[in-house]
Amino acid sequence: MKRWITGFLAAGLVLLSTTALHARETVNISLFTWPGYGFWFIARDQDLAPDLNLEIQVIEDPYESFALMSAGRLDVSSSTVEYGPIAAHEDTPIRLVAYTNPSYGVDKIIVRPGVESAQDLVGEQVAVLEGGLTQIFMGIWLEDNGVGIEQVQFVNLIMDDAVGAMLSGQVAAAEFWEPFGSVLLENMPGAQVVATSSEPYWIETALLGDGMYMSEAFLDARPELASRVMQAYFDAVAFWKANPEEGNRIIARNLGLEIGDVEMVIGTTGSTHEGGIHVFDLAESARFMGLLEGEPPLGLSNGQIRDHWQLTSEWWERFGLIEGIQEPEAGIRFDAMERLVDRVAP
């Protein structure tokens with residue numbers, strides 16, 4: 001009888017475990033290989049959202065992720081924060097829902113040996129992610145140094161390919177984030193850093209940063225789930241801030257990076273990392289989005305996402321990627337974060 005009861009209980013536990021697993025709601029998430037997006041892996045591996053099954057894909061081209069979101073095959077994506085105006089212009093059903101971290105020195109413009117000034121780039125090819133913040137960063141730097149954006153040829157390359165293009169001589173300059181910038185400098189003696197996001201303008205504008213996107217179908221059909229997914233992300237940030245060493249190991253393992261590459265970007269202390277990024281917690285992000293009283297860190301202002309939208313829109317209009325500037329609500333959804341803030345933010 002004892003053996004029968006034990007077996008019955010064991011079978012019951014298996015059934016309960018299987019039922020609990022099946023009760024989890026699946027959310028499909030994408031990111032590309034960069035430590036600033038690795039908090040999703042912490043949320044999954046630490047089971048910080050027991051009611052969610054976080055299916056995470058690494059997709060290196062953000063526009064591939066956006067296409068999959070439009071097709072209903074992805075729900076959430078972490079990427080750089082400039083895509084909203086383009087999505088609104090193209091009537092793409094993708095919306096920015098959170099600004100997650102500003103750059104604090106992690107981004108660099110590097111020129112090849114022999115380039116002494118921006119004038120030396122006239123007529124040359126320069127590598128950027130077209131339609132990405134790297135293109136705006138390069139455009140502003142060129143114009144600040146007397147070279148028009150029409151005087152160079154922009155080449156659309158992801159980070160790995162941009163390193164190769166610099167080393168082969170295909171391009172004369174490129175924008176990199178870490179750890180790719182350091183990889184290039186180590187392998188290209190004489191290459192120079194001519195601009196970094198640690199300079200006051202880039203910090204004050206928060207132009208260079210990252211965000212969380214969700215598909216409109218996901219936001220409309222499963223609004224409470226959208227807020228719970230966002231909470232899972234920010235719970236992972238809170239875990240990392242309290243346990244940066246363990247968190248960094250989780251991120252490195254899942255992205256296939258050396259621990260030093262992760263530390264180069266997000267640091268080792270769980271706080272602002274000079275030469276890297278500042279990782280927003282929920283309250284900081286909500287203040288930047290204008291959904292919680294108080295000021296964000298780094299001298300940024302409450303609701304600054306609206307200024308960010310305006311600035312990126314102006315540049316996308318100049319690059320010919322959009323016609324006319326729409327209101328932020330055309331490409332930003334505030335409701336998922338608003339629900340979350342109402343529940344948990346201080």
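Preceding block: the structure.
Since we're looking at a predicted model, the values are computed, not measured.

A. Examining the packing of aromatic side chains more closely. Tallied over the full model, the rule gives 21 aromatic pairs. Relative to tyrosine 83, the ring of phenylalanine 66 lies with its centre 3.9 Å away and its plane at 10 degrees, an arrangement referred to as stacked. Highlighted residues: phenylalanine 66 in helix 3 (residues 62–70) and tyrosine 83 in the loop between strand 3 (76–80) and helix 4 (84–89), separated in sequence by 17 residues. Relative to phenylalanine 280, the ring of tyrosine 99 lies with its centre 5.7 Å away and its plane at 45 degrees, an arrangement referred to as tilted. Of this pair, tyrosine 99 sits in strand 4 (residues 94–104) while phenylalanine 280 sits in the loop between strand 11 (276–277) and helix 13 (282–288), and the two are 181 residues apart along the sequence. When its relative accessible area of 0% is taken as the criterion, tyrosine 99 is described as buried. Overall, the relative accessible area of 0% leaves phenylalanine 280 in the buried class. Clustering of aromatic rings is evident, with ring pairs tying together Phe39, Trp40, Tyr233, Phe234 and Trp240. The cationic tip of arginine 318 hangs over the ring face of tryptophan 315; the distance from NZ or CZ to the ring centre is 4.6 Å.

B. Geometry of the nonpolar core. In this structure, Phe39, Leu121, Phe176 and Met230 are the most contacted members of the largest nonpolar core, which totals 121 residues. Here the element with the most residues in this core is helix 10 (residues 223–242); it accounts for 11 residues. Each residue touching leucine 121, except ones within four places of it in the same chain, is listed here: Val111, Val115, Val126, Trp141, Leu142, Gln151, Val152, Ala172 and Ala173.

C. Layout of empty space enclosed by the protein. One pass over the structure, following the stated rule, counts three cavities of 30 Å³ or more. In terms of lining residues, the largest cavity is bounded by 15 residues, among which Thr80, Asp107, Trp177, Gly209 and Asp210 are the most central. The set of elements that each furnish at least two residues to the lining of the largest cavity consists of helix 5 (133–144), strand 8 (173–177) and strand 10 (209–215). Grouping the constituent residues of the lining of the largest cavity by class yields eight nonpolar, four polar and three charged.

D. Representation of helix 5 in the model. For helix 5, built from 12 residues, the straight-helix expectation of 16 Å at 1.5 Å per residue is met to within 8% by its first-to-last C-alpha distance of 16 Å. Of all 12 residues that make up helix 5, 10 are buried, and the element is covered over most of its length. Every buried residue of helix 5 is listed here: Leu133, Thr134, Gln135, Ile136, Phe137, Met138, Gly139, Ile140, Trp141 and Leu142. Phi turns positive, to about 85 degrees, at glycine 146, one or two residues after helix 5.

E. The arrangement of the sheet that holds strand 11 in detail. Across the sheet, which stays open at both edges, the six strands sit in the order 2-1-3-10-4-11 with mixed pairing between neighbours. Looking along the sheet, the strands with just one partner apiece sit at the ends: strand 2 (52–58) and strand 11. Pairing geometry for strand 3 and strand 10, over five bridges, is antiparallel. Bridged to valine 76 within strand 10 is methionine 214.

Parameters and conventions
- Residues numbered from 1 in each chain as written.
- Predicted model: local features only at pLDDT ≥ 70, side-chain atom pairs only at ≥ 80, totals over all residues.
- Heavy atoms only, no water.
- Phe/Tyr/Trp six-rings, centres within 6.5 Å; stacked < 30°, edge-to-face > 60°.
- Helix = DSSP H or I, 4+ residues; strand = E, 2+ residues; numbered from the N terminus.
- Buried < 20%, exposed > 50% of the residue type's maximum accessible area, 1.4 Å probe, protein only.
- Lys NZ or Arg CZ within 6 Å of the ring centre and 35° of its normal.
- Core = buried A, V, L, I, M, F, W, Y, C linked by side-chain atoms within 4.5 Å.
- Contact = heavy atoms within 4.5 Å.
- 1 Å grid on protein atoms, 1.4 Å probe; cavity = no way out; pocket = protein on both sides within 12 Å on 5 of 7 lines; lining within 4 Å.
- Points joined across faces, edges and corners; volume = space filled by probe spheres on them.
- Nonpolar A, V, L, I, M, F, W, Y, C, P; charged D, E, K, R; others polar.
- Expected span 1.5 Å × (residues − 1).
- Pairing = 2+ DSSP bridges.

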